[in-house]
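# Analysis of the macromolecular model
The primary structure of each chain is shown beneath.
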Amino acid sequence: MKKIVLITLVLGFMTSCGSKDKGELVGVKGKKWHPEKPYGMTLIPGGAFVMGKSDDDIADVQDAPTRTVSVRSFYMDETEITNSEYRQFVYWVRDSILREQLAEMADLEGKTTDDEGIGAYAYLSTEEDDLTPYEKYMIDTYGDEQRKINKDVDLVFETEDYPDELYSEVFDNLYLPLEESYNGQRTWDWDQFKFEYTYMDIEEAAKYHGVPGVKRSDFIYKEPVLVYPDTTVWVRDFEYSYNEPMHNDYFWHQAYGDYPVVGITWKQAKAFCQWRTLVKNIYKKEKGQQYINSFRLPSEAEWEYAARGGLEGATYPWGGPYTKNDRGCFMANFKPLRGNYAADQALYTVEADAYEPNDYNLYNMAGNVSEWVLSTYDPGSYEYSSSINPSVNDVDNERKVIRGGSWKDVAYFLQVSSRDYEYADSARSYIGFRTVQDYMGTDVTANAATN
């Protein structure tokens, strides 16, 4: 026993010789990290606030009793996600699928990157001399799905510039059939364009931690989601109403690029958050920097806290209790008066940065479009949810909370405490979303106690 102890001590002594820590407990140093404010977001300093209806519940819904809750600091998009921003997601998914299918076609035809035409889009070489040891191991262990796509060559979208017939065939298969085209325009078959991501149900996994036979993989799920907005909502939401121009142009035309995207389901909004995280972390990896926290939908408490902008007991993001300012101008885009939609200078939606922001520099937290949040709608959730970072998201409950009211709603739904819901797989012409990201650290608070 003495010999074993002695050998252990000698080995430990030998490993510390020449080290820079001088034998002290200095901790493990990671990559240098600097806090980075996400583009287009503002910091919402954490703190406590009174959540719920602080005045009469005119609708007598009784689903938002007042209670004091605390939330941690987080970043939030200053505006609702716009058509232009969501199109970046749609195009990324489309282009990724095109590149994958071009590579598959090139592989099927025996083409390589040394060949012309579709060969330029072939998988990168798997010759041993062209691979790093890690890449070789991954291909040998997990198969050909580990092969890399050639992303250095641009995709060609003009038909007269297609490089060969094989390239034309791939593109043709991703358009709607020719007989379904009209006015000389072919349309992408968006039912083929899905974004698939994996996620882990942390809450469920925590419940079964340490249970014999339960594996981590039991709580990891794949979620394929169609990415294209449902533009037919402009027609379906309003019977006996002429809204075809909005159906045809609202998402695609650059005239509406800075307007909030609509026709998005709760599930699509979550997929967008996953994609936004993925794209940023791809960039971080290329730069050798630490990954970011995930983008996500805000909890209901976070949304209301941010909408209040630091104002206690306010009815609206600007205070209240009125929807007009001292010059008689409406403060948001909604359905004022007796249904005079244009009285607030907007018939449908407006630009995402229209009207004045609240004191956290957040635009349109009331009106314009209602916003998906992460939380599940339960009329009694305020009674049993935690008082610190409250979040209720029942995976079996498809009713998801929307907040803020929209261009077609009356003033009641614009109140920061009003709750409403829609089903997770439903899309509407008046529902959009914005994202949040957790702040690293806990030293930023809006109402720290003073001695």
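Residues numbered from 1 in each chain as written. Predicted model: local features only at pLDDT ≥ 70, side-chain atom pairs only at ≥ 80, totals over all residues. Heavy atoms only, no water.

### So, the sheet that holds strand 12 (residues 436-438)
Sheet strands pair by backbone hydrogen bonding; their relative direction is either parallel or antiparallel. Read across the open sheet, the four strands follow the order 1-4-12-7; overall the sheet is antiparallel. At either margin of the open sheet sits one strand with a lone partner, and together these are strand 1 (41-44) and strand 7 (295-296). Where strand 7 and strand 12 come together, two bridges link them in antiparallel fashion. Residue pairing for strand 12: Phe-295 is matched across the bridge by Gln-437. Along the sheet, helix 9 (residues 300-308) contacts strand 1, strand 4 (74-77), strand 7 and strand 12; its crossing angle with strand 4, the most-contacted strand, is approximately 75 degrees. (Pairing = 2+ DSSP bridges. Helix = DSSP H or I, 4+ residues; strand = E, 2+ residues; numbered from the N terminus. Contact = heavy atoms within 4.5 Å. Axes fitted to C-alpha atoms, helices over the stretch in contact; angles between N-to-C directions.)

### Focus: a negative patch on the surface
On the surface, Glu-85, Asp-258, Glu-351 and Asp-353 cluster together into a negatively charged patch. Here Asp-353 is to be found in the loop between helix 9 and strand 8 (370-376). Classification of Asp-353 by relative accessible area gives partly exposed; the value is 47%. (Patch = residues over 30% accessible without salt bridge, like charges linked within 9 Å, V, L, I, M, F, W, Y side chains within 5 Å. Areas by Shrake-Rupley, 256 points an atom, 1.4 Å probe, with all protein chains shown as cover. Salt bridge = Lys/Arg side-chain N within 4 Å of Asp/Glu carboxyl O. Lys, Arg positive; Asp, Glu negative; His and termini not counted. Charge placed at Lys NZ, Arg CZ, Asp CG, Glu CD. Buried < 20%, exposed > 50% of the residue type's maximum accessible area, 1.4 Å probe, protein only.)

### A word on helix 2 (residues 83-108)
With 26 residues, helix 2 extends 37 Å from end C-alpha to end C-alpha; this agrees with the ideal 38 Å at 1.5 Å per step. Positive phi appears at Gly-110, one or two residues downstream of helix 2, with a value of about 75 degrees. (Expected span 1.5 Å × (residues − 1).)

### A few points about a nonpolar patch on the surface
Together, Tyr-134, Tyr-137 and Tyr-142 make up a nonpolar patch on the protein surface, roughly 390 Å² of accessible area in all. With respect to the helices and strands, the residue Tyr-134 is situated in helix 3 (residues 133-142). For Tyr-134, a relative accessible area of 55% puts it in the exposed group.

### With respect to helix 8 (residues 266-286)
When the terminal C-alpha atoms of helix 8 are compared, their 31 Å separation across 21 residues agrees well with the 30 Å that a helix rising 1.5 Å per residue should span. Looking only at helix 8, the buried set comprises Trp-266, Gln-268, Ala-269, Ala-271, Phe-272, Cys-273, Trp-275, Arg-276, Thr-277, Asn-281 and Lys-284. Once helix 8 finishes, Gly-288 follows within two positions and takes phi at roughly 70 degrees, a positive value.

### Regarding the sheet that holds strand 8
If you trace the four strands from one edge of the open sheet to the other, you get 10-9-8-11, paired in mixed fashion. Whereas interior strands pair on both sides, the edge strands pair on one side only; in this sheet they are strand 10 (420-423) and strand 11 (431-432). Pairing analysis gives three bridges linking strand 8 to strand 9 (residues 399-403), with the strands arranged antiparallel. Across the sheet, Thr-376 pairs through a bridge with Lys-400, a residue of strand 9.

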